[in-house]
Amino acid sequence: MHRSGPPLTRRALLGAGVVLGAGAVLPGCTGPRPAEPLVIAGGVQPGVYINLARTLSEIWHERLGLPAAPRVLETAGSAQNMELLTDGRAAVAISQVDVAADVAARVTSPTEPRALARLYDDVTHLVVRADSGLRSIADLRGRRVSIGPGGSGYQPIAIRLLDVAGIGVAGPGTRAELGLPDAATALAEGRLDAFFWSGGVPTDGVRELAARVPIRLLELGGVLDRMRERYPVYSVATVPANTYGLPGPVSCLSVRNALLVTEGMDADLARALIRAAFDEQPRLAQASPAAVTVDSRSAIGTQPIPLHDGAVEFYRATKGY
């Protein structure tokens, strides 16, 4: 893991021409410098991460007086986002907290991840065709299954679930590492028996697949207790009946998603970023239904990743902390 990325200091922000709030310019400017927009590590398209990242870019451009809209990167997901964040190629990232915690154990200050907010909870989908005979994760032994691409946040979850279920990850003949669009197409065409995906409910890519071919989500109830005992960072969630045309509710695994920066980000900037995001929360909810429930009390639940000092200041001011 590279750790060469410089922290976003007040001087660096001035060089980028960042204005924090109405007419408030940070002191200490040493002269004009080329504007360098913030970079946000987003996710796959279509997906909740990329929709939220693009909306945040618009909000921050408008509300903070940035000279250019933050650039949004399309990525494989959480694991790649954390690499981009901690090596300095992105200033902001969205990630599952399990992946972020694994990275936090390997990096040192000032590149350690810090949270601005808990955004929403991802739900792990194990998707099959409705006309398949698959009923549980145990039925996947010897089947053609996509565990997600390397760099995604859900590949580690898939590997852990298969391990806890006593199946393990099969060889290349039955294992695929496809992103959501390719996995959905392969399932619809019968080239794949099942695929893992972790995202907000509903996820557009899964909803689009369900419009093409009837699908089901496999119940994970048989392994959830063992999974949580081994990995306490996960929780249990229920996908409601009629989501994706499902006949009934399905028990699944869930994991928190957080908006992350590094410890080295300037506290004024961190506070301004999260304040602007909350001021425009309805726009985030419009970008993705997963963000509807974001508020200042739920947003502080980013454990095991601690909040950034600037975010703590914001939540204390709003009495959410």
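Look a little higher up for the structure.
Thresholds, definitions, all that
Residues numbered from 1 in each chain as written. Predicted model: local features only at pLDDT ≥ 70, side-chain atom pairs only at ≥ 80, totals over all residues. Heavy atoms only, no water. Helix = DSSP H or I, 4+ residues; strand = E, 2+ residues; numbered from the N terminus. Buried < 20%, exposed > 50% of the residue type's maximum accessible area, 1.4 Å probe, protein only. Contact = heavy atoms within 4.5 Å. Areas by Shrake-Rupley, 256 points an atom, 1.4 Å probe, with all protein chains shown as cover. Expected span 1.5 Å × (residues − 1). Polar contact = N/O pair within 3.5 Å; in protein donor to acceptor, adjacent residues only side chain to side chain. Core = buried A, V, L, I, M, F, W, Y, C linked by side-chain atoms within 4.5 Å. Phe/Tyr/Trp six-rings, centres within 6.5 Å; stacked < 30°, edge-to-face > 60°. Pairing = 2+ DSSP bridges. Axes fitted to C-alpha atoms, helices over the stretch in contact; angles between N-to-C directions. Parallel < 35°, antiparallel > 145°, perpendicular 65-115°, else oblique.

### A short note on the overall build of the protein
The helix and strand inventory of the protein stands at 11 helices and 10 strands. For the protein, the residues scored as buried account for 54% of the 321 residues in total. Residue pairs at least 24 apart in sequence account for 75% of intrachain contacts in the protein once pairs closer than 6 positions are excluded. Per element, the accessible surface of the protein, about 13300 Å² overall, is 50% carbon and sulfur.

### Some remarks on helix 9 (residues 267-279)
The end-to-end C-alpha distance of helix 9 is 18 Å, a good match for the 18 Å that 13 residues give at a rise of 1.5 Å each. Inspection of helix 9 places Asp268, Leu269, Ala270, Ala272, Leu273, Ile274, Ala276, Ala277 and Phe278 among the buried residues, and these make up the whole buried set. A distance of 2.8 Å separates the backbone nitrogen of aspartate 268 from a side-chain oxygen at the start of helix 9, and that oxygen is part of aspartate 266.

### Remarks on the nonpolar core
Ranked by internal contacts, the top residues of the largest apolar core, which has 103 residues, are Trp60, Ile137, Leu140 and Phe196. Among the elements that line this core, the one with the most residues is strand 4 (residues 113-129), at nine residues. Contact partners of tryptophan 60, with chain neighbours within four places excluded, come to Ile40, Gly65, Leu66, Pro70, Val92, Leu259, Leu273, Ala276 and Ala277.

### Here we look at the packing of aromatic side chains
Under the definition given, this model contains five aromatic pairs. Between tyrosine 154 and tryptophan 197 the ring centres are 5.1 Å apart and the planes differ by 70 degrees, which places this aromatic pair in the edge-to-face class. Taken together, the positions of tyrosine 154 in helix 5 (residues 154-164) and tryptophan 197 in strand 7 (residues 194-199) put the pair 43 residues apart, joining distant regions of the chain. An identical accessibility class is assigned to tyrosine 154 and tryptophan 197; each is buried. Counting every residue linked through ring pairs, the aromatic cluster contains Phe278, Phe314 and Tyr315.

### Thoughts on the pairing of strand 10 (residues 250-262)
Of all 13 residues that make up strand 10, 12 are buried, and the element is covered over most of its length. When strand 3 (residues 92-96) meets strand 10, the two strands line up antiparallel, connected through four bridges. Bridge pairing in strand 10 places alanine 93 opposite leucine 260. In this structure, strand 4 lies alongside strand 10, joined through nine bridges in antiparallel fashion. Bridge pairing in strand 10 places aspartate 122 opposite valine 255. One ladder, built from five bridges, connects strand 9 (residues 235-239) with strand 10; its direction is antiparallel. Bridge pairing in strand 10 places serine 235 opposite serine 254.

### Remarks on the packing of helix 2 (residues 48-63) against helix 9
As a packed pair, helix 2 and helix 9 sit with axes 10 Å apart at the nearest point and diverge in direction by 105 degrees. Taken as axis vectors, helix 2 and helix 9 run roughly perpendicular relative to one another. Facing helix 2, whose interface residues are Leu56, Ile59, Trp60 and Arg63, helix 9 presents Leu273, Ala276, Ala277 and Asp279.

### A closer look at the side chain of threonine 86
Relative to the assigned elements, threonine 86 resides in helix 3 (residues 78-86). Accessibility expressed as a relative area gives 1% for threonine 86, which makes it buried. Here the side chain of threonine 86 touches methionine 82 through a polar contact of 2.8 Å, landing on its backbone oxygen.

### What to know about the environment of arginine 114
In this structure, arginine 114 sits in strand 4. When near neighbours in sequence (up to four residues on either side) are disregarded, arginine 114 contacts Leu259, Leu260, Val261, Thr262, Glu263, Ile305, Pro306, Leu307 and His308.

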